[in-house]
Amino acid sequence: MERVGLITNGIVKAIGTVGELKSRISKQVRLELKLNPSVGELDIEILNNNRFPLISQGERQWIIHVEEDFIQDAVNFVVEQVGMKNLNDFRILTPTLEDAYIKLSGGKEKNEIA
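Residues numbered from 1 in each chain as written. Predicted model: local features only at pLDDT ≥ 70, side-chain atom pairs only at ≥ 80, totals over all residues. Heavy atoms only, no water.

**Focus: helix 3 (residues 71-82)**
Filter applied, for reference: Only DSSP runs of H or I covering at least 4 residues are called helices, and only runs of E covering at least 2 are called strands; the numbering of each starts at the N terminus. Here the expected length of a helix is defined as 1.5 Å per residue gap, with one fewer gap than residues. In this scheme, a residue with accessible area under 20% of its type's maximum is buried, one over 50% is exposed, and one in between is partly exposed, where area comes from a 1.4 Å probe on protein chains only. As used here, the arc belongs to the directions running from the helix axis to the C-beta atoms.
With twelve residues, helix 3 should cover 16 Å at 1.5 Å per step; its first-to-last C-alpha distance of 16 Å lies within 8% of that length. Taken as a whole, helix 3 has its buried residues at Ala74, Val75, Phe77, Val78 and Val82. Relative to the axis of helix 3, the buried residues are bounded by an arc of 155 degrees and lie together on one face. Facing away from the buried side of helix 3 by more than 90 degrees, the exposed set consists of Gln72 and Glu80. Phi turns positive one or two residues past the end of helix 3, at Gly83, with a value near 90 degrees.

Structure follows, in structure tokens:
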């Protein structure tokens, strides 16, 4: 069985198989948004005022981590406030190992908006 260690600043934060580490945050899903080039900065401010943390993944690409109980609220928010016509791509994904690292290490992605 392969095991993975999550280390931050030389401190081991978690050890387990990929599945075990991902299951620790499995009550969360990841919403990925890719906005059309025509969407301006004002539209980003609408997202930023929401109760869901918004993480930049590059130009016009955003991630929102959502607890399973609030998936529908988050999807409704994106559809109603951003609008399907403004989205180039919209995905709902289960946690990745990167998500597990961010959550279990207590860190933030460097582009996270507070």
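**Let's talk about the pattern of salt bridges**
Note the following rule: When a carboxyl oxygen of Asp or Glu lies within 4 Å of a side-chain nitrogen of Lys or Arg, that pair is called a salt bridge.
The final tally for this structure, using the stated rule, is two salt bridges. The residue Arg30 makes a salt bridge to Glu32 at a minimum N-O spacing of 3.0 Å. On the basis of relative accessible area, Glu32 is assigned to the partly exposed category, the value being 23%. A salt bridge links Arg91 to Asp89, with the nearest nitrogen and oxygen atoms 2.7 Å apart. For Arg91, a relative accessible area of 43% corresponds to the partly exposed category. Residue Asp89 is classed as partly exposed on the basis of its relative accessible area of 28%.

**Regarding the pairing of strand 1 (residues 4-8)**
This is how the line gets drawn: Note on pairing: DSSP must find at least two bridges between two strands before they are called paired.
Taken together, the five bridges between strand 1 and strand 2 (residues 11-16) define a ladder with antiparallel strand orientation. Paired with Val4 across the bridge in strand 2 is Gly16. Counted along the chain from strand 1 to the antiparallel partner strand 2, the turn is two residues long, and its residue Asn9 has a positive phi close to 50 degrees.

**Looking at unusual backbone geometry**
With a phi close to 50 degrees, Asn9 is a non-glycine residue in the positive phi region. Tracing the chain through its elements places Asn9 in the loop between strand 1 and strand 2. A positive phi is found at Arg60, a non-glycine position, where the angle reads about 65 degrees. Along the polypeptide, Arg60 turns up in the loop between strand 4 (54-56) and strand 5 (61-67).

**Brief notes about the pairing of strand 5**
Regular strands place their side chains on alternate faces of the sheet. Burial runs high along strand 5: five of the seven residues are buried. Pairing of strand 3 (residues 28-35) with strand 5, which is carried by seven bridges, proceeds in the antiparallel orientation. Opposite Val29, over in strand 5, you have Val66 as the bridge partner.

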